[in-house]
Amino acid sequence: MIEIMPESTGPMLAVKASKRLSEDDYAKVWIPALQEKIEKYGKGNCLLYMDENFEGWELKAMWEDTKFGIAHRNDFNKLAVVGGPSWVEWGTKIASLLMSCEVKTYEADQLAEALQWAAQQD
């Protein structure tokens, strides 16, 4: 499940992921919200916060994430990934090679710091 966090302001979209992310989470929530930020601001900043109940992605959700990320790899200034299991940090480092933006990972207890970084407009 993905929900847009109230800290989302300006070009920054912050989302909280809980349990298992589905294709519907991407199609109905995350991708439309990202597209709106990109259309309105030209480039967006994104923060993905995985709470303590986060279990991972369904295969179709992972595919949607990959397709969108590759198609829009030049449409982001910053990407912050917060929390999640240890393998997420490894996957984020690999994905950052495909992105043209600055990518940072944070521990779950660093959410406030991550939000502050992602909200900064350089």
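Residues numbered from 1 in each chain as written. Predicted model: local features only at pLDDT ≥ 70, side-chain atom pairs only at ≥ 80, totals over all residues. Heavy atoms only, no water.

*Asks:* What is the right way to read the sheet that holds strand β4 (residues 44–50) from this model?
*Replies:* Hydrogen bonding along the main chain pairs the strands of a sheet, whether they run parallel or antiparallel. Pairing is mixed in the open sheet, where five strands are placed in the order β1-β2-β4-β6-β7. Each edge of the open sheet is held by one strand with a lone partner, namely β1 (2–4) and β7 (102–106). Between one strand axis and the next, the sheet turns through 20° on average, direction left out of account. Bridge count for strand β2 (residues 12–17) against β4 is six bridges, and the pairing is parallel. Bridging from a neighbouring strand, A14 pairs with L47 of β4. Where helix α4 (residues 111–119) meets the sheet, its contacts fall on β2, β4, β6 (76–83) and β7, and the angle it forms with β6 comes to roughly 175°. (Pairing = 2+ DSSP bridges. Helix = DSSP H or I, 4+ residues; strand = E, 2+ residues; numbered from the N terminus. Axes fitted to C-alpha atoms, helices over the stretch in contact; angles between N-to-C directions. Contact = heavy atoms within 4.5 Å.)

*Asks:* Quick question: what am I supposed to make of the packing of aromatic side chains here?
*Replies:* For the structure shown, the criterion picks out three aromatic pairs. Ring centres 5.2 Å apart and planes at 40° place the aromatic pair Y26 and W30 in the tilted group. Of this pair, Y26 and W30 are both found in helix α1 (residues 23–41), four residues apart, which corresponds to roughly one turn of the helix. Taken as a pair, Y26 and W30 share a single burial class, namely buried. (Phe/Tyr/Trp six-rings, centres within 6.5 Å; stacked < 30°, edge-to-face > 60°. Buried < 20%, exposed > 50% of the residue type's maximum accessible area, 1.4 Å probe, protein only.)

*Asks:* For this particular structure, what's the right way to read the packing of α1 against helix α2 (residues 59–71)?
*Replies:* Each packed pair of helices is defined by two parameters, the angle between the axes and the distance between the axes. Contact pair α1 / α2: the axes reach a minimum separation of 9 Å and the direction vectors enclose 20°. It follows that α1 is roughly parallel to α2 by the angle criterion. Here α1 runs over α2; the crossing is right-handed. Residue-level inspection shows E23, Y26, W30, I31, L34, Q35 and I38 of α1 in contact with α2, the latter providing K60, A61, E64, D65 and F68. Looking at side-chain class alone, the contact of α1 with α2 contains seven nonpolar, one polar and four charged residues. (Parallel < 35°, antiparallel > 145°, perpendicular 65-115°, else oblique. Left-handed = near helix turned anticlockwise from the far one by under 90°. Nonpolar A, V, L, I, M, F, W, Y, C, P; charged D, E, K, R; others polar.)

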